Amino acid sequence: GGGASSSSHCSGESQCRAGELGLGGAGTRLNGLGGLAGGGSGSGCTLSPPQGCGGGGGGGISLSPPPSCGVGTLLSTPAAATSSSPSLSSAASSSSPGSRKMVVSAEMCCFCFDVLYCHLYGYQQPRTPRFTNEPYPLFVTWKIGRDKRLRGCIGTFSAMNLHSGLREYTLTSALKDSRFPPMTRDELPRLFCSVSLLTNFEDVCDYLDWEVGVHGIRIEFINEKGSKRTATYLPEVAKEQGWDHIQTIDSLLRKGGYKAPITNEFRKTIKLTRYRSEKMTLSYAEYLAHRQHHHFQNGIGHPLPPYNHYS
């Protein structure tokens, strides 16, 4: 399909899998799983074969190495990304250290819940939210139940304005993740919503030049058939799985469809891009409490739809 940006599926408890990358330039969408999940119990993001990912000036990620093979910024962080962590705890992860202000917020998760609720109940979609509309690559993840099983996750590596991006990927991840049936009204009370904003993309020469628990990684490699493949893990994956650098790289290669034995020499041929993310998670109960506390009067934010459970 020809969506507004490249999109990818998340898979596993905290991991990201994507299907094949379209052949167009800016504006291509990743479709389905593409038969790229290769063995093993881990789950990962597999993007295949890049033919102008993002392209042009659309904020996409360049997959070519920097001329000097040093650390090159691929996607600049919007200026708005500079102060303190969000008000509702849930999970803020892998953000830059120091005084940098978190951009992700609980309100973004609330907006995703609003969008999904309005869709499922046939209400008019919520109007423009009050949080920043700066462009970011983003993922929307849904988990369900006490054990927080994955229920849907799709995102994009092309920068999208947050208002339209979150609206689009809320519904895409909830209704069009090919690994799950579309979400239903009955599931809403058991849902958890996570918003991840991806920042600080950098090409690095050494495939080991990234930090577990801090960086997400996106690799590009040539498989045994001579085809170019890419795959990615979000920043939290390696830490949650207890993997070191080599285990993470090898898992990612398998999820990218590499079938041959993995040698250290082959690992050195990988082109690696590292990035960071900001993540916020909200449960449905936290969403209701947040919405009941903030009525967004005077035209600020978006109104509460007439949900039965608010009365």
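Residues numbered from 1 in each chain as written. Predicted model: local features only at pLDDT ≥ 70, side-chain atom pairs only at ≥ 80, totals over all residues. Heavy atoms only, no water.

### Description of the overall build of the chain
In plain terms, the rule: Here a strand is any run of E in DSSP of at least two residues, a helix any run of H or I of at least four, and the numbering for each starts at the N terminus. Partly exposed residues are those whose accessible area sits between 20% and 50% of the maximum for their type, while under 20% is buried and over 50% is exposed, using a 1.4 Å probe and protein chains only. Each accessible area is a Shrake-Rupley estimate made with a 1.4 Å probe; only the visible protein chains count as cover when residues are assessed.
The helix and strand tally for the chain stands at six helices and 10 strands. Counting over 311 residues, the chain shows a buried share of 55%. Of the accessible surface of the chain, which amounts to about 12800 Å², a share of 50% is contributed by carbon and sulfur atoms.

### So, the environment of His245
To keep it simple, the criterion reads: Contacts are assigned to residue pairs that have any heavy atoms within 4.5 Å of one another. Nitrogen and oxygen atoms within 3.5 Å of one another constitute a polar contact, given that in protein one can donate a hydrogen and the other can accept it, and given that sequence-neighbouring residues count only through two side-chain atoms.
Of note, His245 is situated in helix 4 (residues 245–255). Residue classification places His245 among the partly exposed positions, given a relative accessible area of 23%. Once residues within four sequence positions are removed from consideration, His245 is found in contact with Leu208, Trp210, Glu211 and Val212. A polar contact of 2.5 Å, which involves the side chain of His245, links it to the backbone oxygen of Trp210.

### As for the pairing of strand 6 (residues 149–161)
Let me state the cut-off plainly: Strands are treated as partners if at least two bridges between them are detected by DSSP.
Counting buried residues along strand 6, 10 of its 13 residues qualify, which places the element largely inside the surrounding structure. Bridging between strand 5 (residues 135–144) and strand 6 involves nine bridges; their strand directions are antiparallel. Paired with Phe139 across the strands is Gly155, a residue of strand 6.

### Here we look at the state of the cysteines
What counts is decided by this rule: Two cysteine sulfurs form a disulfide in these notes if their separation is within 2.5 Å.
Summed over the entire model, instances satisfying the criterion amount to zero disulfides. With no disulfide of its own, Cys109 lies 4.7 Å from the sulfur of Cys193, the closest cysteine sulfur. For the unlinked cysteine Cys193, the closest cysteine sulfur is that of Cys112, found at 4.2 Å.

It is worth stressing that arrangement in space is one thing and function is another; only the former is reported here.
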